[in-house]
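# Breakdown of the fold
So the chains spell out like this:
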Amino acid sequence: MNKTSNKTQHVRAPLKWPGGKYKLLDRVYKTLTPGKRLIEPFAGSCVVSLNAPYQRFLINDKNTDVINFYKCIKNDKNEFIEYAKKYFNEKYNNKDEYYFLRDEFNSTTDIIYKSAILLYISRHGYNGLLRYNLSGQVNVPMGQYKKPYFPEKEMQKFIQLSKKSSFQNKDFELIMRKAEKGDVVYCDPPYVPLSTTANFTTYSSGGFNNHDQERLVRVAEEISAKGVNVLISNHATSYTRKLYSNAQRSEFLVRRMISCNGKNRNNVREILASYPARGATK
Ligand SMILES: C[S@@+](CC[C@H](N)C(=O)[O-])C[C@H]1O[C@@H](n2cnc3c(N)ncnc32)[C@H](O)[C@@H]1O
């Protein structure tokens, strides 16, 4: 399958997500086994679930803002789409409005308003980054886009996915332990750094360290022994090769932005580590 067909086949996610799995979907789907339910403990943009052929989904992310955004689409459907669309016009495409809305995002307790601004920031902010400071406030500067794209088609597709999905906002381990025999779990945790200077793992305040990466492997091994198929993706480094030494592994090169300023593009090696279900009859 060539690259062009991947682009025409799969729908992108409503939120921009630098480093998301969009370009690698075919590779991920080829490695994922069939099953009754797909569980994504680190869903991020949800692009993997959005295009995957399962009947049911359990979608989780530790980032509360992102999960609330998905719940707004699930609950309010077209009404939320129309509401969020209000911020995608010339009136709001300037610095005064951007920084006003960013402050609103960081202070409001109205989840629907906050979720609409999340989409606005994702599409008007610098490089689509969703970055938080240590106090948990979004601090992404404005980007320079003439006419930011409103992802209507992507949100419509998400409405369809949401009908088959339940959404959670917990630590990955709690979610993985909910998996039952016959479920498939795809884990795309924050990347391990390629080097100590290329640390790009702060998706939300809290971070994700080697202790968490090792905890993830322990849980993957435990639940695969109970009949659950688990697939983990990450950067391929000497650390991850050792980390996933009990898994079936494959590696490949991917062209990727590896720094926060969006200028440093390079070929990066990725690894897929598969922990096949054991003890499963079906
Ligand atoms: C690499 S991103 C996932 C990207 C996604 N596969 C995509 O293509 O858009 C990792 C995600 O893990 C989430 N995360 C970080 N720590 C977590 C934890 N302890 N439990 C669950 N999710 C976590 C982050 O909020 C982030 O959205």
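These numbers were taken from a predicted model, which means no experiment stands behind them.

## A closer look at the site of the ligand
Near the ligand you find 20 residues, and of these G20, K21, G44, S45 and D188 are the closest. Tallied by class, residues from the shell around the ligand come to 10 nonpolar, five polar and five charged.

## Quick word on the environment of R27
Topologically, R27 is positioned in helix α2 (residues 25-31). Expressed as a C-alpha distance, the spacing of R27 and L272, which sit 245 residues apart in the sequence, is 9.3 Å.

## Quick word on the nonpolar core
Within the largest apolar cluster, 65 residues are counted, with the highest numbers of intra-cluster contacts made by Y70, V185, Y186, C187, A220, V230 and I232. Residue contributions to this core peak at nine residues, all from helix α4 (residues 64-85). Among the domains, domain 1 (3-62 + 164-275) and domain 2 (67-153) are the pair contributing at least three residues each to this core.

## Digging into the pairing of strand β2 (residues 56-60)
Every other side chain in a regular strand lies on the same face of the sheet, so the side chains alternate between the two faces. Burial of β2 is extensive: four of the five residues sit out of reach of the surface. As paired strands, β2 and strand β3 (residues 165-168) are joined by four bridges and run parallel to one another. Among the inter-strand pairings, F57 is bridged to a residue of β3, identified as S165.

## A short note on the packing of helix α5 (residues 95-107) against helix α6 (residues 111-124)
Orientation of α5 relative to α6, taken along the N-to-C sense of each, is 135°, at an axis distance of 9 Å. Judged on the interaxial angle alone, α6 and α5 are oblique. Helix-helix and strand crossings are classified by hand; for α5 and α6 the assignment is left-handed. Counting all contacts with α5, which are made through Y98, L101, R102, E104 and F105, the residues of α6 involved are K114, I117, L118, Y120, I121 and H124. Split by residue class, the contact of α5 with α6 holds seven nonpolar, one polar and three charged.

## Notes on unusual backbone geometry
For C46, which is not glycine, the phi torsion reads 75° and is therefore positive. Summarising the element assignment, C46 is placed in the loop between β1 (37-40) and α3 (47-50). Of note, the phi angle at N127 is positive, near 55°, even though the residue is not glycine. With respect to the helices and strands, N127 occurs in the loop between α6 and α7 (152-163).

Calculation notes
Residues numbered from 1 in each chain as written. Predicted model: local features only at pLDDT ≥ 70, side-chain atom pairs only at ≥ 80, totals over all residues. Near = placed C-beta within 6 Å. Nonpolar A, V, L, I, M, F, W, Y, C, P; charged D, E, K, R; others polar. Helix = DSSP H or I, 4+ residues; strand = E, 2+ residues; numbered from the N terminus. Core = buried A, V, L, I, M, F, W, Y, C linked by C-beta atoms within 7 Å. Buried ≥ 20, exposed ≤ 12 C-beta atoms within 10 Å, placed from the backbone. Domains from an automatic or database assignment. Pairing = 2+ DSSP bridges. Axes fitted to C-alpha atoms, helices over the stretch in contact; angles between N-to-C directions. Parallel < 35°, antiparallel > 145°, perpendicular 65-115°, else oblique. Left-handed = near helix turned anticlockwise from the far one by under 90°. Contact = placed C-beta atoms within 7 Å.

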